[in-house]
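# Residue-level structure breakdown
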Amino acid sequence: LATSSHNSQEVLDAFDSLNAQLRAFTAALPPSTALIMYSGCNDPRALGSMNKRKTEWDNKVRNGLAGVSEEKDQKSGSGHQGWDSARDGERLESLCEDVKAGLAFFCVTRGVGQA
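Procedures and definitions
Residues numbered from 1 in each chain as written. Predicted model: local features only at pLDDT ≥ 70, side-chain atom pairs only at ≥ 80, totals over all residues. Heavy atoms only, no water. Helix = DSSP H or I, 4+ residues; strand = E, 2+ residues; numbered from the N terminus. Buried < 20%, exposed > 50% of the residue type's maximum accessible area, 1.4 Å probe, protein only. Areas by Shrake-Rupley, 256 points an atom, 1.4 Å probe, with all protein chains shown as cover. Expected span 1.5 Å × (residues − 1). Arc of directions from axis to C-beta. Salt bridge = Lys/Arg side-chain N within 4 Å of Asp/Glu carboxyl O. Core = buried A, V, L, I, M, F, W, Y, C linked by side-chain atoms within 4.5 Å. Contact = heavy atoms within 4.5 Å.

### A few points about the overall build of the protein chain
Across its full length, the protein chain holds four helices and two strands. Starting at the N terminus and walking to the C terminus, you meet the elements of the protein chain as α-β-α-α-α-β. For the protein chain, the residues scored as buried account for 18% of the 115 residues in total. Of the roughly 8,600 Å² that the protein chain leaves accessible, carbon and sulfur atoms contribute 54%.

Written as structure tokens, this is what we have:
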């Protein structure tokens, strides 16, 4: 559980605090309530934007239009960006990992009279 910026006791204390808050929250819910909480680690919009750009680029390559449209865009000054396979691929992979990382909590509260 140790991280580079926090000592392991700080991390354990944070987990204990989170667990106590989750217990209090779920105790206040009605019986047989499903609770699903997920906290991603990053904003997924950048990932969506890069995926869209990659898809557009892949479609241009498949249709043989990749070089033609970039030349037109440079002449018109539209600022369209192509796809740098190595650099952009690494960035896309990194964004995927950042967005997927997170905390998930699943719970179904107990029915009336159950311990």
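### So, helix α1 (residues 8-27)
Given a rise of 1.5 Å per residue, 20 residues ought to cover 28 Å, and the 29 Å separating the end C-alpha atoms of α1 matches this to within 8%. Those residues of α1 that sit buried are V11, L22 and T26. Seen along its axis, α1 keeps its buried residues to an arc of 35°; they face one direction. Set apart from the buried face of α1 by more than 90 degrees, the exposed residues are D16, Q21, R23, A24 and A27.

### Some thoughts on the pattern of salt bridges
Two side chains with opposite charge may pair up if their charged atoms get near one another. Counting across every chain of the model gives three salt bridges. Residue K54 is joined to D58 by a salt bridge in which the shortest nitrogen-to-oxygen separation is 2.9 Å. You can see K54 and its partner D58 sitting in helix α2 (residues 45-62), four residues apart, about one turn around the helix. Relative accessible area serves as the criterion here: at 27%, K54 is assigned to the partly exposed category.

### Points about the nonpolar core
Judged by nonpolar contacts, L47, M50, W57, A66, W83, L92, L95 and V99 together constitute the single largest core of eight residues. At the level of secondary structure, the elements contributing two or more residues to this core comprise α2 and α4 (85-100).

### Some points on the environment of I36
Relative to the helices and strands, I36 resides in strand β1 (residues 34-40). On the basis of relative accessibility, which here comes to 62%, the residue I36 falls in the exposed class. Sequence separation between I36 and V108 is 72 residues; the distance between their C-alpha atoms is 8.7 Å. For I36, the contacting residues outside a window of four places in its chain are F105 and F106.

### Notes on the environment of G82
Residue placement: G82 occurs in the loop between α3 (66-76) and α4. In this structure the C-alpha to C-alpha distance between G82 and E56, which are 26 residues apart in sequence, comes to 9.0 Å.

These figures capture arrangement, not role.
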